[in-house]
Amino acid sequence: MDVEVLGRAALGMAVDVVAAGAILVVGWTVAGWASRLVGRSAEKNAHLDRTIASVLIRLVRWGIIAFTVIAVLGRFGIQTTSLVALLGAAGLAVGLALQGALSNVAAGVMILGLRPFRLGDVVDIGGTFGTVDEIGLFSTRLEMFDGVVVHQPNTNIWGTEIKNYSQAKLRRVDVAVGVGYGVDLGRAMEVARGMLDEETRILGDPEPFVAVESLGDDAVGLMVRGWTAPADYFVTKLDLTRRIKERFDQEKIGIPYPQRDLHLIQDGPIDVRNVS
């Protein structure tokens with residue numbers, strides 16, 4: 001009789017294990033399928049921001065996995081209501097212990113709601129300059145232009161100045177160049193303005209201009225200014241700086257470098273015997 005009871009118990013346990021395994025496999029598969037479905041739907045929806053879409057994908061996946069784990073535990077007779085209450089109490093205790101982490105979550109919700117930046121935007125956050133690679137509830141990942149990846153806590157981001165270069169409709173390109181005091185300023189400004197007109201990435205509106213910016217110790221400072229699309233800013237600035245230098249060399253317009261005149265004052269005759 002005892003053997004028969006043990007056999008039935010073992011059979012029931014085996015059935016529960018097989019059923020739990022099946023639930024786990026099905027739940028994991030459904031979580032992956034649902035997250036991919038949400039991702040494809042988000043790509044087709046032009047009004048849904050990529051930042052919100054990435055968060056929705058993660059919420060759907062881990063939400064389904066959480067329900068799957070609860071279903072597996074219920075298969076073994078564990079009271080899920082008590083488990084949920086226990087998890088709630090544990091979550092409250094953990095929340096009190098991790099107030100800083102919850103602050104990050106609150107800041108992450110504010111970032112996702114107000115969207116001061118989006119995935120792919122070029123930003124400067126507290127002196128960290130790079131491209132937004134991922135926005136999470138706890139932290140935001142930035143990829144700097146030298147390849148370094150920076151993880152910024154959301155509380156740091158929300159509490160500091162955020163400069164978003166990708167949201168600007170236009171970017172101003174300023175190239176400062178100095179010319180010698182003996183140079184014909186009118187000719188130098190005419191050549192520089194011609195460089196702006198030749199550059200196809202410089203827009204005609206607002207109108208570009210060249211002006212005398214400063215009178216320095218060694219040179220007259222010219223400001224060469226134009227406007228371009230944000231995506232063209234860096235390349236345009238670098239190309240324009242190089243081409244101005246090359247054109248000024250061709251036109252014999254001197255760009256001086258700092259010089260100092262040294263005057264020696266002798267109070268008396270020099271004893272050549274002491275000069276080494």
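Everything discussed here concerns the structure shown above.
Source: prediction; values computed, not measured.

A. View of the environment of Asp184. Within the fold, Asp184 resides in the loop between β6 (171–179) and α6 (185–198). As for Asp184 and Ile253, which are separated by 69 residues in sequence, their C-alpha atoms are 8.2 Å apart. Reaching out from Asp184, the side chain makes a polar contact with the backbone nitrogen of Gly186 at a distance of 3.1 Å.

B. Expanded view of the pairing of strand β1 (residues 122–125). Side-chain alternation along β1 places Val122 and Asp124 on one buried face and Val123 and Ile125 on a second face that is also buried. The pairing of β1 with strand β2 (residues 128–135) spans four bridges and is classified as antiparallel. Note on β2: the bridge partner recorded for Asp124 is Phe129. Between β1 and the antiparallel strand that follows it, β2, lie two residues; Gly126 among them carries a positive phi value of about 60 degrees. In this structure, β1 lies alongside strand β5 (residues 162–164), joined through three bridges in antiparallel fashion. Within β5, the residue paired with Ile125 across the bridge is Ile162.

C. Layout of the pattern of salt bridges. Scanning all chains against the criterion turns up 15 salt bridges. Between Arg141 and Glu134 there is a salt bridge; the shortest N-O distance is 3.3 Å. Owing to a relative accessible area of 30%, Glu134 belongs among the partly exposed residues under this scheme. A salt bridge links Arg193 to Glu207, with the nearest nitrogen and oxygen atoms 3.7 Å apart.

D. Region of interest: the nonpolar core. If you look at the biggest cluster of nonpolar residues, it comprises 19 residues, and the most contacted ones within it are Val179, Val224, Leu240, Ile244 and Phe248. Listed by contribution, the elements that provide at least two residues to this core are β6, α6, β8 (220–228) and α7 (233–250). Sort the elements by how many residues they give to this core and α6 lands first, with five residues. Among residues more than four places away in sequence, those in contact with Ile244 are Val175, Val177, Met195 and Val224. If you look at the next biggest cluster of nonpolar residues, it comprises 10 residues, including Phe117, Leu119, Val123 and Ile157.

Each value, and the rule that gives it
Residues numbered from 1 in each chain as written. Predicted model: local features only at pLDDT ≥ 70, side-chain atom pairs only at ≥ 80, totals over all residues. Heavy atoms only, no water. Helix = DSSP H or I, 4+ residues; strand = E, 2+ residues; numbered from the N terminus. Polar contact = N/O pair within 3.5 Å; in protein donor to acceptor, adjacent residues only side chain to side chain. Buried < 20%, exposed > 50% of the residue type's maximum accessible area, 1.4 Å probe, protein only. Pairing = 2+ DSSP bridges. Salt bridge = Lys/Arg side-chain N within 4 Å of Asp/Glu carboxyl O. Core = buried A, V, L, I, M, F, W, Y, C linked by side-chain atoms within 4.5 Å. Contact = heavy atoms within 4.5 Å.

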